[in-house]
Amino acid sequence: MKFNVLTLFPEMFEPIKQSIIGKAIEKNIVEIKLINIRDFSKDKHKKVDDTPYGGGAGMVIRPDVVYDAYKSISDSKTKVIFLSPQGKRLNQKKVEELSREQSLTLLCGHYEGIDQRVLDKIVDEEISIGDYVLTGGEIPAMVLIDSVCRYIPDVLSQASTKEESFSENLLEYPQYTRPEEFEGVKVPEVLLSGHHENIENWRKQEAIRITKSKRPDLLK
Ligand code: 4FD
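All values reported here derive from a predicted model rather than from experimental measurement.

(A) Up close: a nonpolar patch on the surface. Where nonpolar side chains cluster on the molecular surface, the patch consists of Phe9, Met12, Tyr132, Leu134, Ile139 and Val143 and spans about 490 Å² of accessible area. Looking at the secondary structure, you find Ile139 in helix α5 (residues 138-149).

(B) Here's a closer look at helix α7 (residues 196-214). The end-to-end C-alpha distance of α7 is 27 Å, a good match for the 27 Å that 19 residues give at a rise of 1.5 Å each. Ile199, Glu206, Ala207, Ile210 and Thr211 are the residues of α7 that are buried. In an axial view of α7, the angular spread of the buried residues amounts to 130°, which keeps them on one side of the axis. Exposed and oriented more than 90 degrees from the buried face of α7 are Glu197 and Lys212.

(C) View of the side chain of Asn4. In this structure, Asn4 sits in strand β1 (residues 2-7). With relative accessibility at 1%, the residue Asn4 sits in the buried group. At a separation of 3.2 Å, a polar atom in the side chain of Asn4 contacts the side chain of Thr105. In this view, Asn4 contacts Lys33, Ile35, Ile73, Asp75, Thr78, Ser103, Leu104, Thr105 and Leu106; residues no more than four positions away in its chain are not counted.

(D) Broad picture of the pattern of salt bridges. Tallied over the full model, the rule gives 14 salt bridges. The partner of Lys79 in a salt bridge is Glu101, and the shortest N-O contact between them spans 3.6 Å. Here Lys79 is found in strand β5 (residues 79-89), whereas its partner Glu101 is found in the loop between α3 (92-98) and β6 (103-108), with 22 residues between them in sequence. Using a relative accessible area of 27% as the deciding quantity, one classes Glu101 as partly exposed.

Conventions we followed
- Residues numbered from 1 in each chain as written.
- Predicted model: local features only at pLDDT ≥ 70, side-chain atom pairs only at ≥ 80, totals over all residues.
- Heavy atoms only, no water.
- Patch = residues over 30% accessible without salt bridge, like charges linked within 9 Å, V, L, I, M, F, W, Y side chains within 5 Å.
- Areas by Shrake-Rupley, 256 points an atom, 1.4 Å probe, with all protein chains shown as cover.
- Salt bridge = Lys/Arg side-chain N within 4 Å of Asp/Glu carboxyl O.
- Helix = DSSP H or I, 4+ residues; strand = E, 2+ residues; numbered from the N terminus.
- Expected span 1.5 Å × (residues − 1).
- Buried < 20%, exposed > 50% of the residue type's maximum accessible area, 1.4 Å probe, protein only.
- Arc of directions from axis to C-beta.
- Polar contact = N/O pair within 3.5 Å; in protein donor to acceptor, adjacent residues only side chain to side chain.
- Contact = heavy atoms within 4.5 Å.

Read these as spatial facts, not as claims about activity.
Take a look at the structure:
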C-alpha cells in the first residue's frame, strides 16, 4: 500500500514511521510519501494562502498550489481522501475497504480552509475520524494510515488478524498472564485447564458479556 500525504506539516508524520508501521515500511509492504504543499508555492516567500473572497477572518489555501502538489503524485490510480469534520465517519468496515486500494492520497487541511474548487476537482472521499475539531487533518491522516495498515497482509502477525476475524463485531475477551494469583485474585480456572474447546467457549461468552455491558449498540 502506498500512502501519499499532502500537508503543510510533513514533520508531524515522524511518529508514524515507528514500531509496526516502521517495520512494514522496511519490508516494503507500506510506503508513505510526504508531499509538502509549500514546495509548490510559486511565491518568492513560499506563501500558500490568501485572504478569502467576500471578506472575513482568516486565510484560505490557494487552489493552484494544492493542485500542483497533487499533480506531482505519479501513481497511475490513487483515491484522494480529504480529512475533515464534515466527512463520513471512519469505522472498521471503511478501514477494511480502504486497505484494498493500491494507493491512497490524504489531503490534510486546516480550519482556515482550502479553496473549494480544488477540493471539488481532486477529492474522491471526505472522511472524519469523529465528531470533534482538531487544528489540522494530520492526526486524522495518521489515524487512517495506522488503522488501514493493520489490514494489509503481513503487517501484523497472522495470529492477531485471525483472532480478530473470529470475534467480529464483539469486543475482545480479557487476557491473563502470570502470576496465577495477583493481590488475592486468581486467573479464571478454565484458562489453566488446558481444555481448548472450553477455553474457546469461555472467551466467546466473555466477549459477548463485555460487549453487552460496555457497547450494547454493537449487538443491535
Ligand atoms: N474529525 C477532523 C479532521 C480535520 C480537522 C480541518 C475543515 C478543519 C477534525 C478541514 C475543517 C480540515 C476529523 C482540520 N479536525 N481539522 O476527522
